[in-house]
Amino acid sequence: MISSAHGARRSAPAARSRWYERELGWPTAGSDPVELLTGVAFDVIELPAVAGFAMLRRVPRTGPVAVEGPWMRLLVAPGGADELPELLDWLEWGGVPLDLAAIGIGGRITAPCPASSWPPPAAPAVRGPQEAAVWLRPPEPGGGLEPTLPVTGFGGDGGAPDLVRLVAAAATECHRARLLRARPLPRQRRAGKG
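Since we're looking at a predicted model, the values are computed, not measured.

Conventions and cut-offs
- Residues numbered from 1 in each chain as written.
- Predicted model: local features only at pLDDT ≥ 70, side-chain atom pairs only at ≥ 80, totals over all residues.
- Heavy atoms only, no water.
- Buried < 20%, exposed > 50% of the residue type's maximum accessible area, 1.4 Å probe, protein only.
- Helix = DSSP H or I, 4+ residues; strand = E, 2+ residues; numbered from the N terminus.
- Pairing = 2+ DSSP bridges.
- Phe/Tyr/Trp six-rings, centres within 6.5 Å; stacked < 30°, edge-to-face > 60°.
- Salt bridge = Lys/Arg side-chain N within 4 Å of Asp/Glu carboxyl O.
- Core = buried A, V, L, I, M, F, W, Y, C linked by side-chain atoms within 4.5 Å.

**Q** How would you summarise the pairing of strand β5 (residues 71-76) if you had to cite specific residues and measurements?
**A** Summarising burial for β5: 5 of the 6 residues are buried, a large majority. Of the pairings in the sheet, the one linking strand β3 (residues 43-48) to β5 comprises 6 bridges and is antiparallel in character. Paired with I45 across the bridge in β5 is L74. In terms of strand pairing, strand β4 (residues 65-68) meets β5 through 4 bridges, oriented antiparallel. Pairing of A66 across the sheet is with R73, part of β5.

**Q** Lay out the packing of aromatic side chains with the relevant residues and their values.
**A** Within the structure shown, the criterion is met by 4 aromatic pairs. Ring plane angle 90 degrees and centroid distance 5.0 Å describe the contact between W19 and Y20, whose orientation is recorded as edge-to-face. In textbook terms, an aromatic cluster arises when at least three aromatic residues are bridged by ring pairs, as seen for W19, Y20, W26, F42 and W135.

**Q** With reference to specific residues and values, describe the pattern of salt bridges.
**A** Across all of its chains, the model carries 8 salt bridges by this definition. For E46, the salt bridge identified is with R73, shortest N-O distance 2.7 Å. With a gap of 27 residues between them, E46 in strand β3 and R73 in strand β5 connect regions that are remote in the sequence. With relative accessibility at 14%, the residue E46 sits in the buried group. Two residues, R73 and E68, come together in a salt bridge whose shortest N-O distance is 2.6 Å. An identical accessibility class is assigned to R73 and E68; each is buried. A single network of salt bridges, built from pairs that share partners, joins E46, E68 and R73.

**Q** Outline the environment of P112, listing residues and values.
**A** Note that P112 resides in the loop between β7 (108-110) and β8 (133-137). For the pair formed by P112 and V67, sequence separation is 45 residues and the distance between their alpha carbons is 8.3 Å.

**Q** Could you give me a rundown of the nonpolar core, with the residues and numbers involved?
**A** L47, M55, M72, L74, L88, L98 and L100 are the most contacted members of the largest nonpolar core, which totals 27 residues. Looking at this core, the elements with two or more residues in it are β3, α2 (49-58), β4, β5, α3 (80-90) and α4 (163-182). Broken down by element, this core gets its largest block of residues, 9 residues, from α4. Counting 17 residues, the second largest nonpolar core, distinct from the first, contains L36, A41, F42 and I109.

The following block contains the structure:
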């Protein structure tokens, strides 16, 4: 016999998957954790969360943004993942080691819990591995995702910056975070002088 706790665990991922598919029209895969398929409705630019938070202070308007563990994920228009290497070269970041990656066609990310409507009224709150992924800037159900996603080109459309500016800010903050990790702490500098 299945206890209600086990039944809730089984229904929570299914309800989460249905929410993404019905409310946003995003394809999902997997069951625990539920995953969002990239390259269909959106691509993802992924960077360390520490660099991402600094970037969000510089670029206040973006498309949806999620965090999972040490990684921040910026949703961009489909095809944006393919543009990343050339954009980095064009912005003169080519060859510089950055913790900046793109996830496009054929990729997957863990689906964060839907922000405003989770848990659904029929299912009790259940803690699980899914909750490691959270929305910082959630997508708006029924609002249409495409106008809010950064796209290639200059100027953006008022809802989000263009992909060039977003990638430039992300690359700059990734580089700063990398330099800060490499810099010795004051105590280490004093010890080395002696």
